[in-house]
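Structural overview
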Number of protein chains: 2
Amino acid sequence: MPAKIDNSAAYKARQDARAGILTGPTANLAPGHVQANLAILPEELAHDFLRFCQRNPKPCPLVAVSETGDPSLPELGQDIDIRTDIPRYRVWRNGELVAEPTDIRDLWNEKLVAFLIGCSFSFEEAMLADGLPVRHIEQGCNVPMYRTNIPTVATGPFSGPLVVSMRPLKAADAIRAVQVTSRFPSVHGAPVHLGDPSLIGITDISKPDYGDAVEIREGEIPVFWACGVTPQSVIANVRPEFCITHAPGHMLVTDLLNSSIAVI
Amino acid sequence: MPAKIDNSAAYKARQDARAGILTGPTANLAPGHVQANLAILPEELAHDFLRFCQRNPKPCPLVAVSETGDPSLPELGQDIDIRTDIPRYRVWRNGELVAEPTDIRDLWNEKLVAFLIGCSFSFEEAMLADGLPVRHIEQGCNVPMYRTNIPTVATGPFSGPLVVSMRPLKAADAIRAVQVTSRFPSVHGAPVHLGDPSLIGITDISKPDYGDAVEIREGEIPVFWACGVTPQSVIANVRPEFCITHAPGHMLVTDLLNSSIAVI
């Protein structure tokens, strides 16, 4: 009989969010478990967005899509209610941020679809377990993110540039990081670029478009991964009448194990 | 019943070498088959050299070691005689090249051990099959190789710097090349460095220590793999009383398939 997976920490994180006890970021909660970004869209946009994700799997790796109007996500864990189980949400109307509630039961309706998108926490955990440095974790700040000149594959109303996150590494560590993160295609996978930032349209590496700048030390090169901010910025471009996302850093903690989503 | 592997082209290459019909390089002979570098050492050096290879698997990936005095290598193919089946050999005495025969039956003795070491042909074939450019093949010249400041793990009398081969690639192709060549640890595997050559002690990328310089185009970075010239240069440092290697480019064509040595 296989060992029973202990999901109690993941379940507790969701229950605490639901009860309003947990309202802060989810980093380091339930180590070993996959966390996911959220985008909730009205049905009329959902089909195009699903196709957008399918066509742009590196920035938009879908770990689950809900049934229309159904807030449960049984493939991601026990008793999930996406309306309550994330610590903090962002509500957008016509592209403007209008609220940051901790519960969206009053906003949910029968025409909404929830998209859960893999996040870099999983591959960063694998990097750390392999002894690779993750600078923004060392420095206790947010990962630096940049808009690039790499287009996504436009689909319906959704289009826009790829956004990347950056982690500085020595060359040998960058090579190892390619190997380690290639195992995790459902959470962005291998890097999309390394070295000269200008080749992907980044003019000043010290000025990220999102998150915080981190130190690049002598002998290190910047290594760039496709980033889950891409779908958020693509949705923002569309300025949908109504949509909901997670608040940055406030993710859905799932029952999936990072090790179980590794392809090899 | 599994499909029978067609080894006829590999077998013919060896038989042609044995008959003196094939005396030139083996590149492009028997596509899909593993080719191997040769080093033949006297028994008194062989144990240390075997340990050297075990401790330096990236430059010295052993695909086979003969029994002492036995010129057959049954694990590498049908009816191999290492004294005749390579198109051209190099004979060294006290570190000096003294002959380049096509047959070493008269030099073989009961105290010699043959080492067969994986070669980059296998991973280059995988790169080409994946649509990645291999510049020295495009340019019809030898791969550029460089002595680095990276030491090997010294063992007995064997020591010296790592020698690397270089292939220029765009960053995204370099990332893909890490993935593709990681599948082939027995033929040098993933790169050891990429980007700034000075970080591994290479002062002038346009002046390789072995082979030919190749063009590095705009937007490309040099990508460096551990090279099978390392064991040759390490042996040369020892200036053994007697040893035999293959002549550069004149390899043993084995019955092993490149696909069969891929780890995933």
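Just so it is clear, the structure is predicted and the values come from calculations on it, not from any experiment. (Residues numbered from 1 in each chain as written. Chains lettered and ligands numbered in written order. Predicted model: local features only at pLDDT ≥ 70, side-chain atom pairs only at ≥ 80, totals over all residues. Heavy atoms only, no water.)

Summing up its helical and strand segments, chain A has seven helices and eleven strands in all. Against the 2.2 N^0.38 benchmark of 18 Å for 264 residues, chain A shows a C-alpha radius of gyration of 18 Å, consistent with a compact globule. With the C-alpha coordinates aligned to their principal axes, the bounding extent of chain A is approximately 55 × 50 × 30 Å. Taking all 264 residues of chain A together, the buried fraction comes to 53%. (Helix = DSSP H or I, 4+ residues; strand = E, 2+ residues; numbered from the N terminus. Rg over C-alpha atoms; globule rule 2.2 N^0.38 Å. Buried < 20%, exposed > 50% of the residue type's maximum accessible area, 1.4 Å probe, protein only.)

What follows deals with the nonpolar core. Looking at soluble globular proteins, one finds that nonpolar side chains tend to be buried together. Judged by nonpolar contacts, the single largest core of 44 residues is most densely connected at Met127 and Leu194 of chain A together with Met127 and Leu194 of chain B. Only α3 (121–129), α5 (171–182) and β9 (220–226) of chain A together with α3 (121–129), α5 (171–182) and β9 (220–226) of chain B provide two or more residues apiece to this core. The contact partners of Met127 of chain B, leaving out residues within four places of it in the chain, are Leu132, Pro133, Val134, Arg167, Leu169, Ala177, Val180, Thr181 and Trp225 of chain B. Counting 21 residues, the second-largest nonpolar core is a separate cluster that includes Ile40, Leu73, Leu76 and Phe242 of chain A. (Core = buried A, V, L, I, M, F, W, Y, C linked by side-chain atoms within 4.5 Å. Contact = heavy atoms within 4.5 Å.)

With that settled, the discussion passes to the interface of chain B and chain A. Each partner contributes to the interface: chain B provides 15 residues, whereas chain A provides 15 residues. Carbon and sulfur atoms supply 79% of the area buried between chain B and chain A, which totals about 1200 Å² over both sides. Of all elements in the fold, only α5 and β8 (193–194) of chain B reach the threshold of two or more residues within the side of chain B that touches chain A. The greatest single-element share of the side of chain B that touches chain A, amounting to six residues, is contributed by α5 of chain B. Among the residues making up the side of chain B that touches chain A, the classes are represented as eleven nonpolar, four polar and no charged. (Buried area = accessible area lost by both parts, 1.4 Å probe. Nonpolar A, V, L, I, M, F, W, Y, C, P; charged D, E, K, R; others polar.)

Residues and elements named next belong to chain A. By the assigned domains, chain A splits into domain 1 (8–119 + 234–261) and domain 2 (121–230). A separation of 22 Å is found between the C-alpha centroids of domain 1 and domain 2. With 28 residues of domain 1 in contact, the opposing surface of domain 2 contributes 25 residues. Of the roughly 2300 Å² buried between domain 1 and domain 2 on both sides combined, carbon and sulfur atoms contribute 62%. Where domain 1 touches domain 2, the interface holds zero salt bridges. One can count twelve residue pairs in polar contact (both at pLDDT 80 or more) joining domain 1 with domain 2. Elements with a contribution of two residues or more to the side of domain 1 that touches domain 2: β1 (33–42), α2 (43–55), α6 (229–238) and α7 (258–261). It is α2 that provides the largest number of residues to the side of domain 1 that touches domain 2, a total of six residues. When the residues that make up the side of domain 1 that touches domain 2 are grouped by side-chain class, the tally is 16 nonpolar, eight polar and four charged. (Domains from an automatic or database assignment. Salt bridge = Lys/Arg side-chain N within 4 Å of Asp/Glu carboxyl O. Polar contact = N/O pair within 3.5 Å; in protein donor to acceptor, adjacent residues only side chain to side chain.)

A few words now on the sheet that holds strand β7 (residues 161–170) of chain B. Sheet strands line up and pair through hydrogen bonds in the backbone, either parallel or antiparallel. Residue and element names in this part refer to chain B. Within the open sheet, the four strands sit side by side as β6-β7-β9-β8. Their pairing is antiparallel. Edge strands, defined here as strands with exactly one partner in the open sheet, are β6 (145–151) and β8. Lying on the sheet, α3 is in contact with β7 and β9; it crosses β7 at an angle near 10°. (Pairing = 2+ DSSP bridges. Axes fitted to C-alpha atoms, helices over the stretch in contact; angles between N-to-C directions.)

On to the pattern of salt bridges, then. Residue and element names in this part refer to chain A. Taken as a whole and assessed by the stated rule, the structure comprises 36 salt bridges over all chains. Between Arg51 and Asp48 there is a salt bridge, with its nearest N and O atoms 2.8 Å apart. Remark: Asp48 and Arg51 occur in helix α2; sequence separation between them is three residues, near one turn of the helix. What makes Asp48 buried here is its relative accessible area of 18%.

Taking 1.5 Å per residue as the helical rise, α5 of chain B with its twelve residues ought to reach 16 Å, and the 16 Å between its terminal C-alpha atoms agrees with that figure. Inspection of α5 of chain B places Ala171, Ala174, Ile175, Ala177, Val178, Val180 and Thr181 of chain B among the buried residues, and these make up the whole buried set. Here the buried face of α5 of chain B lies against α5 and β8 (193–194) of chain A together with α3, β7 and β9 of chain B. (Expected span 1.5 Å × (residues − 1).)

Before going further, it helps to examine empty space enclosed by the protein. All names here are of chain B. Counted by the stated rule, this structure contains one cavity of 30 Å³ or more. Its boundaries defined by the atoms lining it, the largest cavity holds a volume of some 50 Å³. Lining of the largest cavity is provided by Asn37, Leu38, Ala39, Ile117, Gly228, Pro231, Gln232, Ile235, Thr245 and His246. Those elements that provide at least two residues to the lining of the largest cavity are β1 (33–42), α6 (229–238) and β10 (243–246). In terms of residue class, the lining of the largest cavity is made up of five nonpolar, five polar and no charged. (1 Å grid on protein atoms, 1.4 Å probe; cavity = no way out; pocket = protein on both sides within 12 Å on 5 of 7 lines; lining within 4 Å. Points joined across faces, edges and corners; volume = space filled by probe spheres on them.)

It is worth spelling out the packing of α3 of chain A against α5 of chain A at this point. All names here are of chain A. Viewed as axis vectors pointing N to C, α3 and α5 meet at an angle of 130°, and their least axial separation amounts to 9 Å. Relative to α5, the element α3 lies oblique. Helix-helix and strand crossings are classified by hand; for α3 and α5 the assignment is right-handed. Contacts between α3 and α5 involve Phe123, Ala126 and Met127 from the first element and Ala177, Val180 and Thr181 from the second. Considering only residue class, the contact of α3 with α5 consists of five nonpolar, one polar and no charged. (Parallel < 35°, antiparallel > 145°, perpendicular 65-115°, else oblique. Left-handed = near helix turned anticlockwise from the far one by under 90°.)

Residues and elements named next belong to chain A. Throughout the structure, instances matching the rule amount to twelve aromatic pairs over all chains. With a centroid separation of 5.2 Å and an interplanar angle of 25°, the aromatic rings of Phe123 and Trp225 are classed as stacked. Separated by 102 residues along the polypeptide, Phe123 in helix α3 and Trp225 in strand β9 bring together distant segments of the chain. According to the relative accessible area criterion, Phe123 is buried, its value standing at 0%. Exposure remark for Trp225: the relative accessible area of 0% places this residue in the buried category. Ring centres 6.2 Å apart and planes at 75° place the aromatic pair Tyr146 and Phe224 in the edge-to-face group. Of this pair, Tyr146 sits in strand β6 (residues 145–151) while Phe224 sits in strand β9, placing them 78 residues apart in sequence. (Phe/Tyr/Trp six-rings, centres within 6.5 Å; stacked < 30°, edge-to-face > 60°.)

Let us now look at the relation of the copies chain B and chain A. Screw-axis analysis of chain B against chain A gives a translation of 0.0 Å along the axis, an RMSD of 0.0 Å, and a rotation angle of 180°. On this basis, the relationship between the two copies can be described by a two-fold rotation axis. A symmetric contact is evident, with 100% of the interface residues of chain B recurring at the interface of chain A. (Least-squares fit on C-alpha atoms with pLDDT ≥ 70 in both.)

Contact pair α5 of chain A / α5 of chain B: the axes reach a minimum separation of 9 Å and the direction vectors enclose 70°. Judged on the interaxial angle alone, α5 of chain B and α5 of chain A are roughly perpendicular. Touching Ile175, Val178, Gln179 and Ser182 of chain A of α5 of chain A are Ile175, Val178, Gln179 and Ser182 of chain B, all from α5 of chain B. Its residues assigned to classes, the contact of α5 of chain A with α5 of chain B shows four nonpolar, four polar and no charged.

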